[in-house]
Amino acid sequence: MAAEAVMHKRRTGATRAMMIVGLLLLIWSSGPSAQDRRLLDSNGYVRDEAYARPLVPAADQKYLKIDGLKMKEILKEVVAISLRSRDDGNKYWGRIAGTKYEAMVHDWAEAKFRKYGLEDIHRQPFTLPTQWFATDWAYTFTAGGKSYTFKSVNPALNSAATPAGGLDLDVVWVGTGTAADFAGREVKGKAVLIHSIPAPGSMGHSASYERAMARAADRGAAAIGVVYGISDNFAIWQGLGGTGEGAPGQQRPIRTPGFFMGFQDGKVIRDLIGAGESVTLKMTVSVEMRDGLTSSNVWGTLPGMTDENIIILAHQDGYYEGRLDNAWGQRVMMTLLAYFSQIPKAQRRRSITFVATAGHHVGSPGTRWMHDNRATVLAKTALMINCEHISVSDTKYWNGVLRKANVVAPRRWWIHGSERLFDAVLKSYATFGVGLIADMDPNASGDMGIVAKDTPSIQIIRSPVTKHTDDDKPEWVPAAGLEAVARAYARVIDDVNKIDRKDLLPAVRTSTQAGVR
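Rules of the game
- The numbers attached to residues start from 1 for each chain and follow its sequence in the written order.
- Note on the predicted model: pLDDT of at least 70 is required for a residue's local features to be given, and 80 or more for side-chain atom pairs to be given and counted; whole-chain, interface and lining totals, by contrast, use all residues.
- With hydrogens and water set aside, each side-chain value is computed from the structure's full complement of heavy atoms.
- Only DSSP runs of H or I reaching four residues or more are called helices, and only runs of E reaching two or more are called strands; each is numbered from the N terminus.
- Residue contacts are defined here by distance: any two heavy atoms, one from each residue, within 4.5 Å place the two residues in contact.
- Shrake-Rupley sampling with a 1.4 Å probe provides the accessible areas, and residues are treated as covered by the protein chains on show and by no other component.
- Buried Ala, Val, Leu, Ile, Met, Phe, Trp, Tyr and Cys residues form a nonpolar core when they are joined through side-chain atoms within 4.5 Å.
- Working definition: with a 1.4 Å probe on protein chains only, accessible area under 20% of the residue-type maximum means buried, over 50% means exposed, and in between means partly exposed.
- The span expected for a helix works out to 1.5 Å for each residue beyond the first.

Draft legend 1. Local environment of the overall build of the protein chain. Of regular secondary structure, the protein chain possesses 14 helices and 21 strands. In the protein chain, the proportion of contacts linking residues at least 24 apart, taken out of those at least 6 apart, comes to 80%. Of the roughly 22000 Å² of accessible surface on the protein chain, a fraction of 52% belongs to carbon and sulfur atoms.

Below you can see the structure in the form of structure tokens.
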């Protein structure tokens, strides 16, 4: 009878999986004209119960106690800190590094560590270099005697302030900002407007990899504006990057006043220019450069039976609500803490060190310190896991509309270690339905990037179009994706604890084929 019950459960699960696949096909095949929105909520986001979930083998069902819906509910505490920053009147708002709002996240993390009985709980402060804060701004476009202001316009990160009286400039549209787009256009002393295509988001948008912003600066533009996206109307916090030759980190920062605006707003200006109108821009930007700010690593250790450890990281700062980036990474870290704190110490081979890391968006001083002190800090580390940009709905552009799917977007991934580590991690991802881009990144990005080759390490990460935008909201983050990653990481930790550290280390540098920017 027990065997029959198991078979019935499997058949039922398979039937449900087939139904989910049918729904997945429906959301694409029916098309916009059908207006069948049963998979979406009233605001147009995919309902959590509509996401596809894999069948989990009986041997791994102990990890099903990790529940994505509960994870989403608890993280409201962190997002509330961002909303307080907004409600306090900050136009540049969120859990911004070095502010009291990031410090509130430090308090939150420390309280969680104490709740679960971690040891050696402490903060490690870092003095930040001088920090840029835009305190006020206004952008008014004028054409044909009519003025236009747009809510999606933000100063570019680290933009120069304007003179007290602002700047009055003619606006020039240069398309996507390639050399061909600039040919024959005089931009010196003018406001250049560039259309940038997310690829897939702000981490790889076309104005960056085409060097459009650098081209505008090199040709003497007095202001550089970027229209972000090919749909929607996202307000975004993003920098202009650098100019000159060399890798991004070696270029000279662009000092020209800059701004970003959403696609729908930018299209208004594009179409005015296309209709033959002369467009001008009045822009004022007030900036403060603040010294003496600090950000902290918050450490806590769940002790194991040996002097080796596993380190789990999640950065604390974020723009706007910062759900994807990186409230959900923090939630996955805390979920692993809650899960393993219920396992007796005698069954934990290694200690697990949890680190809520400092100031990722201002240079990652916390992980940089780990790298600089790797000979001692990481001498006994068997594995490092970075929890960052964990889960987001997959999307497809369709006739200018960003349509959402009831599957989690595949992630970029990184593993630094032995073949045994590769096998353990990839099997765990497959078990819990963690979708991946097929070829591994050639390097680890995000907060772990600088330290990723100093110890065996893993991460998955996704940087979608909504990253750093005002639409980084909970509806984009499916519970199915959160629980899948947390379950997979929990199983990886269990599997790694069966392997000696020397057998986790890479024999040679891992080869990859990806070309990730």
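Let us keep going from here.
Draft legend 2. Region of the structure containing the nonpolar core. Formed by 99 residues in total, the largest nonpolar core has its most connected members in I312, F354, I458 and Y489. What I312 contacts, discounting residues up to four positions off in sequence, is M333, L336, I352, T353, F354, V355, I385, C387 and I493. The next biggest cluster of nonpolar side chains, apart from the first, holds 37 residues, and it includes Y139, V171, L193 and M261.

Draft legend 3. Fine view of the environment of A109. If you trace the backbone, A109 turns up in helix α5 (residues 100–115). Separated by 245 residues in sequence, A109 and F354 have C-alpha atoms that sit 9.7 Å apart. With sequence-adjacent residues up to four places away left out, A109 is seen in contact with V298, Q316, M334 and A356.

Draft legend 4. Fine view of helix α10 (residues 323–341). Over its 19 residues, α10 extends 25 Å from the first C-alpha to the last, a length consistent with the 27 Å expected when each residue adds 1.5 Å. Within α10, 19 of the 19 residues are buried, leaving the element largely enclosed by the surrounding structure.

Draft legend 5. Fine view of the environment of I311. As for its position among the elements, I311 is in strand β14 (residues 309–315). On the basis of relative accessible area, I311 is assigned to the buried category, the value being 1%. The sequence separation of I311 and N386 amounts to 75 residues, and the corresponding C-alpha distance is 8.5 Å. Every residue in contact with I311, bar those within four places of it in the chain, is listed here: T353, V355, L378, T381, L383, M384 and I385.

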